[in-house]
Amino acid sequence: MNTNAFKSVLLFVLMSVFFACQQTPVHRQSLDLAGEWQFRMDTSNVGIQQQWYLQELTDTIELPGTMDRNQKGFANTDTTTAHLNRLYTYKGPAWYRKTVNIPEEFADKHIQLILERTKAAKIWIDDQYIGESHLLQSPQRYDVSAHLSPGEHSISIRVNNDLKLTPYGNVHIYTDDTQTNWNGIIGDIKLEASPLTRISNLQIFPDIDNRNIKVRLGIVNDLNLDSLDIFLQVVRLRDGKSKKLKSARYHIACDSVIECDYNLGKQLQLWDDYQQPRYTLTAVLNQGLDAVSAPFGMRSFKAGDNQFRINGRSTFLRGKHDACVFPLTGHPPMDVDGWKRVYDIAKSYGINHYRFHSYCPPEAAFTAADELGIFLQPELPFWGGLESDSVAAKLQAEGLAMLKEYANHPSFVMLGPGNEIWSGHNRVEDMINTLKTYDSRPLYSMGANNNIGYVGPRDGSEFFIAARTPSDGDTLLTHTRLAHGFVDSPQGGILNSQEPSTTVNYDYPVEQIDVPLISHEIGQYQIYPDYDEIDKYTGVVRAWNLMVFRNRLKQAGMLDQNFDFHLASGAWSARCYKAEMEAALRTSKFAGFQLLDLQDFPGQGTALVGILDAFMDSKDVVERKTWLQSCNDVTLLLEFPRYCWQSDESFQATLKIANYSNRALVDDITWSIGDQHGNIIHAGTFENLNIPHGGLHIAGRLETRLDQVEQADKLSIRMACVKNRYSNIYPIWVYPVTDKQIPHQDITVAEQLNESVLNKLEQGDKVLLFPEHKSVADKSVGGLFHPDFWNYGMFKSISESVNKPVSPGTLSLLMDPDHPLFSSFPTEFHTNWQWWSIIRAGRPLILDDTPHDYRPLVQMIDNLQRNHKLGFIFEFAVGKGKLLVCMSRLNEISHKPEADQLYKSIVRYMQSEAFAPEYTADRALLKNLL
């Protein structure tokens, strides 16, 4: 062996021994800059001209942090109801300055200043301007090597949160509607020293089929080395236990980009939403010259046959929209535990997917999702029409930075260019194709609900998020959610305009699109607030908007009903969400849904649409186990054509099972039909079911006669797996078949409150009044079945601006189910499915002029912006007589068994001694109301 060969072998042996013995490779040196900084607001934008970077600033602030959290800025006096209210506001440049002592170890090193998350920033070291960055969603990194010799230096940072510098629309990376437009620096703030020849980028590309990863290293070779020894060390972490895997060594000619492979072999363990083995790869250059670590997971997330496949298994995205709502801090958590808290809550409600609306969360969010098995879809910070090349270039830079920083995380499976992009689609397509060429690991879309669904996916799109699929004008056939704003669909879409059933699906839209289809922002059902929540706002924002609404309710004389409004609208909203989620799950080859939302959205006019509040705490409007019946990896789905039946009919239904778990469902499923008293009318079992995972399957048919029902009743159909935890419950209402003639006897039925009717009342008659709707059109609101979409104020203004109908704006019925009015008409205290035809035939009357303590028998809850007292069924004593007013035209819809039954129940009540109105109305009040 010649001398050179011997030296090479010896070097290899020594390096192998070195690496094998090394537990933790030498990492880069860093200097943490957290702590007290000098601070000054630059309200007149004169800091650069006056060279503030050379001056001691007049105030101090703690970083990481925001001006809000440090109580800097101007005391806020704006009590807008558009969103939560910051205690301190500021928009414009602010300066942060710190004196640092650079250690000797930093000499002759490459030094970066790293700001994990901030707004548009400019940097000075001493008197030297370093540069600027507009990155909002990824760390800003500045090369300060030439300016930080060992010794004392000043670092000056000018952060500008002026919205003019972020021309992306009202996006959730900075808007006061969600996380607030803060000024400051959050997350890590540090100086990092690395060798002159160093790793500038480390990306890991899993290949599960070949049990391999491709490692791509960016190299900056300022030492001009000809070759590099690269060592790859892999550690696997699973269930709290770590395992160091074999090491690999490569001797490679130095280049700006180096690629090498690492084969895991038998050590391969796949990451998904059930198991989360996580790997860390550390790449070491030349005996610890430089070392960089990155997380990764062995998984494949692809689109195929209209659905997503995780490691080849079809999955269904049960998604949550996330708008960065963190009321205590006004910004997202920057620590893993903070994100694990919210993810744990979301998972406990069946969520396996997060869509981040027009923003990208920080590194900690990806790390936490890696640990918990959440599929993430961050977005670029854009919402509008992409008509500017310069804006497109900024967005592309944001995207490239996001991929470089976060794409190694196995939870980062999808990437979108923004929300509801309505123009500039060629620019969007070019940008997406550029990002995809750079990094093909995540799947890409053209945006979320572009042109509210009328613009379809282009060739580069790998999935499609929309509230409808493209069509020539609005048609319910193309909808992919049950509710819309009235401005986007007549009568607000399917749920309000079609008789309720459990057969609605989106098979037609799926057939129109050849990529996975996800329904956009489903739900958006308002829930009246519980004003006790106001006391929870102890951080950087206050709920002054809720205080305004509470005061309006108080002025309307209904503050005592606050919690009843909250519970009734919440219970009804939860049932509508159930219908939304099940319609999606009932659709073969549907890819998933994205809720808006599991939690409240406190902005854009105050949209309290969550079953959880802004803090991710339960509102107590639905039990978690009930919610999971419709939002789980396995869902038992019963299909039947309507909720209201007659006793001479046979009830027929089909049991389907959506199994998107990681295994076949082998079980028996029991079913029963019982009445409100717990009596079982019919029961049975679907035996020996073997439902494969990955789709929707028919399990069997259920059929039974209803002739055992002799009185109007609500029946509950219960299904449950014998061995597994899955179950579901559906209500139906059964009404006895009786003579259609309703014996009025001593009751006068009228449609107008004319002199003849008033005279009869004064003489002691009983009057049942069904007012003609056209006669009270300006004194009433329309009949809206589901809770109002999003919030009344915002969509009212949008509808009016384009001359479209305005939603009636109501939330739910409220009544006492034990009141004798309902002796023959079973109901809960809130709206349910049997009320559909009755509400649609109704116009709740505005009763604001009645005494504050007057309450209708059936009240329609108004939205929090308007707070009308709305009567659906109500009564008065008039002279010697008694008046009952029903604002639903039951006399015109008697062919509906539920309407006929309510009519009969009203008449029976009026014929009973229980009909004794407490409040007296004179002629003047009645004429004013009606």
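Scroll up to find the structure this text is about.
Residues numbered from 1 in each chain as written. Predicted model: local features only at pLDDT ≥ 70, side-chain atom pairs only at ≥ 80, totals over all residues. Heavy atoms only, no water.

Notes on the overall build of the chain
When its secondary structure is counted, the chain shows 15 helices and 51 strands. What you see for the chain is a C-alpha radius of gyration of 32 Å, in line with the 30 Å of a compact globule of 930 residues. Excluding contacts between residues fewer than 6 apart, the proportion of contacts in the chain whose partners are at least 24 apart in sequence is 72%. Taken as a whole, the chain presents about 34600 Å² of accessible surface, with 47% of it coming from carbon and sulfur. For the chain, the separation between the mean place of its 89 positive charges and that of its 111 negative charges on side chains is 3 Å. (Helix = DSSP H or I, 4+ residues; strand = E, 2+ residues; numbered from the N terminus. Rg over C-alpha atoms; globule rule 2.2 N^0.38 Å. Contact = heavy atoms within 4.5 Å. Areas by Shrake-Rupley, 256 points an atom, 1.4 Å probe, with all protein chains shown as cover. Lys, Arg positive; Asp, Glu negative; His and termini not counted. Charge placed at Lys NZ, Arg CZ, Asp CG, Glu CD.)

Focus: the packing of aromatic side chains
Tallied over the entire structure, the rule returns 47 aromatic pairs. Ring centres of F825 and W835 lie 5.2 Å apart, and the angle between their planes is 75°; this geometry places the pair in the edge-to-face category. With a gap of ten residues between them, F825 in the loop between β47 (810-815) and α13 (836-840) and W835 in the loop between β47 and α13 connect regions that are remote in the sequence. Accessibility assignment for this pair places F825 and W835 in one class, buried. Here the aromatic cluster, defined as three or more aromatic residues joined through ring pairs, consists of W572, F640, Y643, W645, F651, Y730, W733, F785 and W833. Over the ring of W182 we find K119; its NZ or CZ atom is 4.3 Å from the centre of that ring. (Phe/Tyr/Trp six-rings, centres within 6.5 Å; stacked < 30°, edge-to-face > 60°. Buried < 20%, exposed > 50% of the residue type's maximum accessible area, 1.4 Å probe, protein only. Lys NZ or Arg CZ within 6 Å of the ring centre and 35° of its normal.)

Quick word on the pattern of salt bridges
Applying the stated criterion across every chain yields a total of 50 salt bridges. In this structure, R313 and D272 form a salt bridge, with 3.3 Å as the shortest nitrogen-oxygen distance. Separated by 41 residues along the polypeptide, R313 in strand β25 (residues 313-315) and D272 in the loop between β20 (257-263) and β21 (278-285) bring together distant segments of the chain. Linked by salt bridges that have partners in common, R341, K536, D613 and D617 make up one network. (Salt bridge = Lys/Arg side-chain N within 4 Å of Asp/Glu carboxyl O.)

A short note on the pairing of strand β26 (residues 317-322)
In terms of residue burial, β26 counts as a mostly covered element, since six of its six residues are buried. Bridge count for β26 against strand β36 (residues 592-596) is four bridges, and the pairing is parallel. Bridge pairing in β36 places L317 opposite G592. With four bridges joining them, β26 and strand β27 (residues 353-356) adopt parallel strand pairing. (Pairing = 2+ DSSP bridges.)

Description of the sheet that holds strand β33 (residues 464-466)
A sheet is described by the order of its strands in space; here six strands give the open sequence β28-β27-β26-β36-β34-β33, paired in parallel fashion. At either end of the open sheet lies a strand with only one pairing partner, and these are β28 (375-377) and β33. Averaged over all neighbouring strand pairs, the angle between strand axes comes to 25°, with direction disregarded. Where strand β34 (residues 517-523) and β36 come together, four bridges link them in parallel fashion. Bridge pairing in β36 links S519 to F593. Strands in contact with helix α2 (residues 336-348) are β27 and β28; relative to β27, the strand with the most contacts, it is inclined by about 120°. (Axes fitted to C-alpha atoms, helices over the stretch in contact; angles between N-to-C directions.)

Quick look at the pairing of strand β41 (residues 680-691)
Sheet topology places strand β40 (residues 665-674) next to β41; nine bridges connect them, and they run antiparallel. Its bridge partner lying in β41, S672 is registered against A683. The turn joining β40 and β41, which pair antiparallel and follow one another in sequence, is formed by five residues; a positive phi near 90° is taken by G678.

Quick look at the side chain of S780
Within the fold, S780 resides in the loop between β46 (766-769) and α12 (792-801). A relative accessible area of 8% means that S780 is categorised as buried. A distance of 2.7 Å separates a polar atom in the side chain of S780 from the backbone oxygen of V776. Side chain to side chain, S780 and R843 meet in a polar contact 2.8 Å long. Dropping the residues within four chain positions of it, S780 is found in contact with R843, P844, L845 and I846. (Polar contact = N/O pair within 3.5 Å; in protein donor to acceptor, adjacent residues only side chain to side chain.)

Overview of α2
Within an α-helix, residues lying three or four positions from one another point in the same direction, as the helix has 3.6 residues per turn. With 13 residues, α2 extends 18 Å between its outermost C-alpha atoms, agreeing within 8% with the 18 Å of an ideal straight helix rising 1.5 Å per residue. G350, located one to two residues past α2, shows a positive phi value of around 85°. (Expected span 1.5 Å × (residues − 1).)

Regarding helix α14 (residues 897-910)
Between its terminal C-alpha atoms α14 stretches 20 Å, which fits the 20 Å expected from 14 residues at 1.5 Å a residue. A large share of α14 lies buried, amounting to 13 of its 14 residues.

Brief notes about unusual backbone geometry
In this model, L63 is joined to P64 through a cis peptide bond whose omega is 0°. Tracing the backbone through its elements, the reader meets P64 in the loop between β3 (59-63) and β4 (65-66). The phi dihedral of Q491 is positive, around 60°, even though this residue is not glycine. Tracing the chain through its elements places Q491 in the loop between β33 and α6 (494-497). Relative accessible area serves as the criterion here: at 35%, Q491 is assigned to the partly exposed category.

Observations regarding the state of the cysteines
Tallied over the full model, the rule gives zero disulfides. Left without a disulfide partner, C254 is nearest to the cysteine sulfur of C260, which lies 13 Å away. Looking at C360, it has no disulfide partner, and the nearest cysteine sulfur is the one in C324, 11 Å off. (Disulfide = S-S within 2.5 Å.)

Digging into the sheet that holds strand β42 (residues 695-705)
Reading across the sheet, the three strands line up as β37-β39-β42 and stay open at both edges, with antiparallel pairing between neighbours. Of all the strands in the sheet, just β37 (634-639) and β42 have a single pairing partner and so form its edges. With direction set aside, neighbouring strand axes in the sheet form an average angle of 20°. One ladder, built from six bridges, connects β37 with strand β39 (residues 650-659); its direction is antiparallel. Looking across to β39, one finds that L637 is bridged to K656.

Structural notes on the side chain of R117
Tracing the chain through its elements places R117 in strand β9 (residues 110-118). The buried charged residue R117 lacks any salt bridge partner; its closest oppositely charged side chain belongs to E116, at an N-O distance of 6.5 Å. A distance of 3.4 Å separates a polar atom in the side chain of R117 from the backbone oxygen of P361.

Comments concerning empty space enclosed by the protein
For the coordinates displayed, the defined rule picks out six cavities of 30 Å³ or more. Considered as a void within the structure, the largest cavity measures approximately 80 Å³ in volume. Looking at the lining of the largest cavity, its residues break down into five nonpolar, six polar and two charged. (1 Å grid on protein atoms, 1.4 Å probe; cavity = no way out; pocket = protein on both sides within 12 Å on 5 of 7 lines; lining within 4 Å. Points joined across faces, edges and corners; volume = space filled by probe spheres on them. Nonpolar A, V, L, I, M, F, W, Y, C, P; charged D, E, K, R; others polar.)

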